[in-house]
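# Observations on the three-dimensional arrangement
Listed below, chain by chain, are the residues.
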Amino acid sequence: VGAAATLITSGYIVGGTGDAVSFASGFANRLAVGAGAAFVGTVDGGNTLGATTSSTLELTSSASAGTLASLGSQITHFANITVDSGATWTLTSDTIGAGYTIVDSGTLTNAGTLGSTVTLGSSAQLTNTSTARISDTLIGVYASSTATVVNAGRIQGTGASGIGVSLLGDGN
């Protein structure tokens, strides 16, 4: 018998020879990460991509900006990725594929390859660096309210009726 679990960290978590963090499968687990957090070992959200229950990786607001590396390789099994309002984060050069739910309600800089739609919350800002890629079969970046997109890389909707960037609100 188990239940969904939440871990909130801005510190250093070290695993022996395997996982630094391991959540149980079958529960809507949540890992809230603040700037300065570091992991030695894998971080396992517990639920594989496409499972009926999904885990959330929440990038929280801190006094300083955060950088997240190894998403999809060292940090796995989090189908939902959220950037909190007021938070500033950079995703570095890892590649994540399709099937993720990525919601930016703060300030996100993508320096990697995201194979899923990035949905922007109200007043969110997304910067896609010159080496970065965002793509999905339908919409690369979507905003239904005021948001800002700064693109120096590539954003695309890859399907026959795909849209690279859809700003339906008062976007810039």
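Notes on the structure follow. Here the structure is a predicted model, which is why all the values come from computation and not from measurement.

Rules used in this analysis
- Sequence order sets the numbering: in each chain, residues are counted from 1 along the sequence as written.
- Totals for whole chains, interfaces and linings use all residues, but because this is a predicted model, local features are given only for residues with pLDDT of at least 70 and pairs of side-chain atoms are given and counted only at 80 or more.
- Just so you know, side-chain values use all the structure's heavy atoms and leave hydrogens and water out.
- Stacked, tilted and edge-to-face are the three classes assigned to paired rings of Phe, Tyr and Trp, where Trp is represented by its six-membered ring and a pair needs centres within 6.5 Å; plane angles under 30 degrees give stacked, over 60 edge-to-face, the rest tilted.
- Secondary structure elements are taken from DSSP: a helix is a run of H or I of four residues or more, a strand is a run of E of two residues or more, and numbering for both begins at the N terminus.
- Per-residue accessibility, obtained with a 1.4 Å probe over protein chains only, is compared with the maximum for each type, and a residue is labelled buried under 20%, exposed over 50%, and partly exposed between these values.
- At least two DSSP bridges between two strands are needed for those strands to be called paired.
- Neither His nor the chain ends is counted toward charge; the positive residues are Lys and Arg and the negative residues Asp and Glu.
- Definition used for salt bridges: Asp or Glu carboxyl oxygen within 4 Å of a side-chain nitrogen of Lys or Arg.
- For the purposes of these results, a polar contact is taken to be a pair of N or O atoms within 3.5 Å, where, inside protein, one atom must be able to donate a hydrogen and its partner to accept one; residues adjacent in sequence count only when each atom of the pair is a side-chain atom.
- Working rule for contacts: check all heavy atoms of both residues, and any pair within 4.5 Å makes them a contact.
- What makes a nonpolar core is a set of buried Ala, Val, Leu, Ile, Met, Phe, Trp, Tyr and Cys residues whose side-chain atoms join them at distances within 4.5 Å.

Below, the discussion takes up the packing of aromatic side chains. Under the criterion given, the structure shown has one aromatic pair. Measuring from centroid to centroid gives 6.2 Å for phenylalanine 23 and phenylalanine 78, while their planes differ by 90°, and the two rings are edge-to-face. Of this pair, phenylalanine 23 sits in the loop between strand E2 (12-22) and strand E3 (30-33) while phenylalanine 78 sits in the loop between strand E7 (75-76) and strand E8 (80-83); the two residues are 55 residues apart in sequence, bridging distant segments of the chain. Overall, the relative accessible area of 2% leaves phenylalanine 78 in the buried class.

What follows covers the sheet that holds strand E19 (residues 154-157). Pairing is parallel in the open sheet, where four strands are placed in the order E10-E13-E16-E19. Either end of the sheet is taken by a strand with one partner, and the two such strands are strand E10 (95-96) and E19. Pairing of strand E13 (residues 113-114) with strand E16 (residues 133-136), which is carried by two bridges, proceeds in the parallel orientation. Pairing of leucine 114 across the sheet is with isoleucine 134, part of E16.

Once that is clear, we can look at unusual backbone geometry. The backbone phi angle of serine 70 is positive, close to 70°, even though this residue is not glycine. Looking at where serine 70 falls in the secondary structure, it is placed in the loop between strand E6 (66-68) and E7. Residues other than glycine seldom take positive phi values, yet histidine 77 does so here, at roughly 65°.

Another point: the side chain of aspartate 136. Within the fold, aspartate 136 resides in strand E16. One buried charged residue, aspartate 136, remains without a salt bridge, the closest side chain of opposite sign being arginine 154 at 14 Å. Within polar-contact distance, the side chain of aspartate 136 engages the backbone nitrogen of leucine 138 at 3.1 Å. Ignoring sequence-local partners within four residues, the contact set of aspartate 136 consists of Gly115, Ser116, Thr117, Gln156, Gly157, Thr158 and Gly159.

For the rest of this paragraph, the subject is the pattern of salt bridges. This structure, assessed with the given rule, holds one salt bridge. In this structure, arginine 30 engages glutamate 58 in a salt bridge whose closest nitrogen and oxygen atoms are separated by 2.5 Å. Pair noted here: arginine 30 is in strand E3 and glutamate 58 is in strand E5 (residues 56-59), with a separation of 28 residues, a long-range link. Residue glutamate 58 is classed as buried on the basis of its relative accessible area, which comes to 13%.

Glancing now at the nonpolar core. Counting residues in each nonpolar core, the largest one holds 34 residues, and the members touching the most others are Leu57 and Leu120. Counting residues per element, this core draws most heavily on E2, which supplies three residues. If sequence neighbours within four positions are ignored, leucine 57 has contacts with Leu31, Val33, Leu68, Leu71, Ile75, Phe78, Asn80, Ile81 and Thr82.

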